[in-house]
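Examination of the molecular architecture
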Amino acid sequence: MSTLTEQFLSEIETFLAAKAMDATKFGRESLNDPNFVFDLRRSARSPSARTIDRVRAFMRDYIANPSASEVAA
């Protein structure tokens, strides 16, 4: 059984792969923290419910409103 943080990281990794986005850009754009994903990967951070909600909202918005460069690709 995986922890909430592991499940959350799995969601992020799936998003990163699907959108071909690097972890630094994701952290910077979602939370203004370029080390966010790296910290999760090394278990150096346990996100709060508020952080999880913010990141999930970012992923939903990004999917719903693709950038011009993503549409052109």
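Overview of the structure. This structure is a prediction, so every number in the text was calculated from the model and none was measured. (Residues numbered from 1 in each chain as written. Predicted model: local features only at pLDDT ≥ 70, side-chain atom pairs only at ≥ 80, totals over all residues. Heavy atoms only, no water.)

**A short note on the pattern of salt bridges**
A complete count under the given rule lists six salt bridges for this structure. Of the charged contacts in the structure, one is a salt bridge between glutamate 13 and arginine 41, with a shortest N-O distance of 2.7 Å. Taken together, the positions of glutamate 13 in helix H1 (residues 4–19) and arginine 41 in helix H3 (residues 36–41) put the pair 28 residues apart, joining distant regions of the chain. Glutamate 13 gets classed as partly exposed once you look at its relative accessible area, which sits at 28%. Given a relative accessible area of 40%, arginine 41 falls into the partly exposed group. One network of salt bridges, with partners in common, ties together Asp33, Asp39, Arg42 and Arg45. (Salt bridge = Lys/Arg side-chain N within 4 Å of Asp/Glu carboxyl O. Helix = DSSP H or I, 4+ residues; strand = E, 2+ residues; numbered from the N terminus. Buried < 20%, exposed > 50% of the residue type's maximum accessible area, 1.4 Å probe, protein only.)

**Considerations on the packing of aromatic side chains**
The tally for this structure, following the rule as stated, stands at six aromatic pairs. Ring geometry for phenylalanine 15 versus tyrosine 62: centroids 5.5 Å apart, planes at 75°, classification edge-to-face. One end of the pair, phenylalanine 15, is in helix H1; the other, tyrosine 62, is in helix H4 (residues 49–64), with 47 residues separating them in the sequence. The pair formed by phenylalanine 15 and tyrosine 62 is uniform in burial state, with each residue classed as buried. Ring geometry for phenylalanine 26 versus phenylalanine 58: centroids 5.5 Å apart, planes at 80°, classification edge-to-face. Pair noted here: phenylalanine 26 is in helix H2 (residues 23–31) and phenylalanine 58 is in helix H4, with a separation of 32 residues, a long-range link. Taken as a pair, phenylalanine 26 and phenylalanine 58 share a single burial class, namely buried. One aromatic cluster is present, built from ring pairs that chain together Phe15, Phe26, Phe58 and Tyr62. (Phe/Tyr/Trp six-rings, centres within 6.5 Å; stacked < 30°, edge-to-face > 60°.)

**Re unusual backbone geometry**
With phi around 50°, alanine 20 is a residue other than glycine that occupies positive phi space. Positionally, alanine 20 belongs in the loop between H1 and H2. For alanine 20, a relative accessible area of 72% translates into the label exposed.

**Concerning the packing of H2 against H4**
At a minimum axis separation of 9 Å, H2 and H4 run at an interaxial angle of 105°. Compared by their axis directions, H2 and H4 come out roughly perpendicular. Taken together, the residues of H4 that come into contact with H2 (itself represented by Phe26, Glu29, Ser30 and Leu31) are Thr51, Arg54, Val55, Phe58, Met59 and Tyr62. (Axes fitted to C-alpha atoms, helices over the stretch in contact; angles between N-to-C directions. Parallel < 35°, antiparallel > 145°, perpendicular 65-115°, else oblique. Contact = heavy atoms within 4.5 Å.)

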